[in-house]
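# A structural walkthrough
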Amino acid sequence: MAVRSTVGFLFAAAASWTSSATVPVSGTPGCPCIDPYTHSSLQGSNGLDQYMSGGVLQYTPKGSTNTYSYPSEYGKGCAPHDDGLQPSCDSSVEAPPDWCATAWCYVDPNECSLASFSSKLFPAAEALYFSYQTCSPDPPNRAATDVFAAVESYLRSSRDVIEATAMARSTETCTLREDQDMCPCNSCSRSDTWASEVDFSRVGTLEANRGSSADQSSALCMADTVASTYKATAASEAGSSFDRVGYQYFADQATGSYTQWPKEEACSWSSGYDPRFRDWYAAGATGPKDVVIVIDTSGSMSGERADMAKAAAKKILDTLSWKDFATVVLFDDGIKAVYCGSMMPVTEGNRRAMQSWLDSQEWADGGTNFVTAMDRAIEVIRASVAAGATSMCQKAIMFLTDGEADFGDDDYRRVRDAATDYDIVLFTYALGSGANQQVTKRLACENGGIFYPVGDNDDLATIMAEYYDYFVQGQEICTPGFTRYTATQGHQLYGACLPMYDRSGQSPALLGVSCLDVNLIANMTRMEQDPGWDTFKCRASDDTKKCRAVHMTTCKLQKLRRAYSGASICEGAFADVTDSTACTCLDPACQDDPMFIDEKGYFCDAWIGRNCAHPDQTLGYSTSGLEEVRTKCPRGCRLCAEQASCPAADCSARAPGPTECRACLGKVSGLDLDGRPMSCPADAPRDNMADYRASLSVVDAGTCIVAAADRRV
């Protein structure tokens, strides 16, 4: 398995690859095409006749009422058999994946010396395999500028088939087949290149025993459905030797079941594995964010409670990626320790440093002072914004205590004012029966957050790490985000992830996240030497780091609170909310102008983390400049009208942004995919921000520890 710890699409026009070589109708001598209706291994219950109806092949995705028809000649002889066919390659698809126009045919794997894959559509025909390699030469090494469109089209094809299945659910129950199971993987064999036992011809799944039986069945249906696009992508891109290490992977939201190409022996690492709490999943499901973790380390937080708090803080950090910023504040009767006086980008190195720092700190000593703790958290955010050590997106304070402390009206007002000015949401956690629930609940209720009463026997780490569900419910992401991680083989892999939504209800709900490693379709060593690599990296980094507006109505927020506990529901509007309560949504036609740059050099998404009505006066905006921001950036400024009808988002209808990297045109913050400060590529046609960047102090991407205690009573 690739242990995915992140260090994280872009729109780019790229022509689909088609081979100029002559396509052999019958395949190559070492891997001839077969007739699937007459071949000896494909007769009776193992053949295609079971899928034939009215002279055409019928494909019904698992768990779906949709049925797609294919000509009887489908797969016979080398041809681009999928071109023009549903669900991924017909004219309704805006940008079909490259494999739609690539030739392939059915083959006998025992008579094929090239890469072959088990059938992507007809699993009951167990001996039915197909190959692109016998019909088409290996795809060329793409230039960096061609990669964006290819990766995005592959991810969209996976999203489309999963979302279509969710929109047309059947009553079919899906179960894990032996040929899918990754623990054990009976069909896997050792690959030194991949440093694991793998089966390249199949897609594997780890079934999670979480959620309801209906959730588990749905997860396996989605796994079966996405396998069709994963196989097509791998078969057309991986090459016959599989010497480029790169994965495709999907996890569902309801259970945390995990699906991957290639199928892999997973018994050695799968115990307790929940992909929903990995950085790639949370990063794919949500936009960038700033997080300050505030933990009570007073005398009562001893023994098991201290261990629970440390584990929770580490698990939260595991859900953050390079596009997020974070720090940790420990308090007792004063400030016991602060990891860094400003937030840090959560690169691989910074995450490890924060987690090691947590282990090195003194726990369980002193009294409890909520005021000092909240004041310091707000001061960290204020200092971070002033220093540019921020994602410029929404901010969250996660406040954990097991104690009692005073908090007056002036203190509540001060927190409310800061939350309004800096777009801060508060998640508060009262651990154990002795914790003050009144203060923690009021802090969450007054600042758009969620209060969590947690028992000593509850799974605190999982409860706290589920904070990102707030951002999932309030955002809808149309474009993929990039991450970089180190695989177990030591390879540096660039993953691109896209969320999928269930659009059958009143508002979209997250189904899961699908990812594709760029390394699967591009030789990264060559691509990094490509003249367009810096532009690729800049655009990939910037598009991933764009702030996503969080639309969280009181109705939706009360539903999230109720989902955890009745005690979490706040007084006031929608206090009687139920699962069937209809919540409003934003007018989908109300969107920010992606080309707009305000008078201080910021794009609209930078206003998602600010107060458009009453911005910080030190920013120096003119009255007319602010009025233009509110006109051009209605979604970021939360000025869009709400409506009762919530149609599915039409991502293709949204206006495209700049074709150049935005770091050349306006102010952006943070680091790029490789952990370096964002900058305009040297080969860019223009750089309007060179003087601005020269005036900045570089955000330190290394270790930052403030060890000295700042103690106040």
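First, a word on what this report is: a plain description of the structure on this page. (Residues numbered from 1 in each chain as written. Predicted model: local features only at pLDDT ≥ 70, side-chain atom pairs only at ≥ 80, totals over all residues. Heavy atoms only, no water.)

### A word on the overall build of the protein
Counting its regular elements, the protein contains 15 helices and 26 strands. A globule of 713 residues ought to have a C-alpha radius of gyration of about 27 Å, and the protein, at 26 Å, matches this closely. Dimensions of the protein, computed from C-alpha atoms along their principal axes, come out at roughly 85 × 55 × 50 Å. Taken over 713 residues, the protein has a buried fraction of 59%. Element-wise, carbon and sulfur atoms account for 47% of the exposed surface of the protein, whose accessible area totals about 26500 Å². In the protein, 60 side chains carry a positive charge and 92 a negative one; their mean positions are 3 Å apart. (Helix = DSSP H or I, 4+ residues; strand = E, 2+ residues; numbered from the N terminus. Rg over C-alpha atoms; globule rule 2.2 N^0.38 Å. Buried < 20%, exposed > 50% of the residue type's maximum accessible area, 1.4 Å probe, protein only. Areas by Shrake-Rupley, 256 points an atom, 1.4 Å probe, with all protein chains shown as cover. Lys, Arg positive; Asp, Glu negative; His and termini not counted. Charge placed at Lys NZ, Arg CZ, Asp CG, Glu CD.)

### Some details on the sheet that holds strand 14 (residues 263-264)
Pairing is antiparallel across the open sheet formed by three strands, whose spatial order is 9-10-14. Each end of this open sheet is capped by a strand with a single partner; those strands are strand 9 (189-191) and strand 14. Sheet topology places strand 9 next to strand 10 (residues 196-199); three bridges connect them, and they run antiparallel. Across the sheet, residue Ser 191 finds its bridge partner in strand 10, namely Ser 196. (Pairing = 2+ DSSP bridges.)

### Remarks on the sheet that holds strand 23 (residues 492-502)
Here six strands make up an open sheet; going across it, the order is 11-13-12-24-23-22 and the pairing antiparallel. If you trace the sheet from one side to the other, it starts and ends with strand 11 (204-206) and strand 22 (481-486), each paired once. Taking the axes of each pair of neighbouring strands and ignoring which way they run, one obtains an average angle of 25° across the sheet. (Axes fitted to C-alpha atoms, helices over the stretch in contact; angles between N-to-C directions.)

### Examining helix 12 (residues 533-545)
Across its 13 residues, helix 12 extends 18 Å between first and last C-alpha, which sits within 8% of the 18 Å expected from 1.5 Å per residue. Buried residues dominate helix 12, accounting for eleven of its 13 residues. Within the span of helix 12, buried status applies to Trp 533, Phe 536, Lys 537, Cys 538, Arg 539, Ala 540, Ser 541, Asp 542, Asp 543, Thr 544 and Lys 545. Looking at the buried residues of helix 12, the elements they touch are helix 1 (144-167), strand 22, strand 23 and helix 11 (524-527). (Expected span 1.5 Å × (residues − 1). Contact = heavy atoms within 4.5 Å.)

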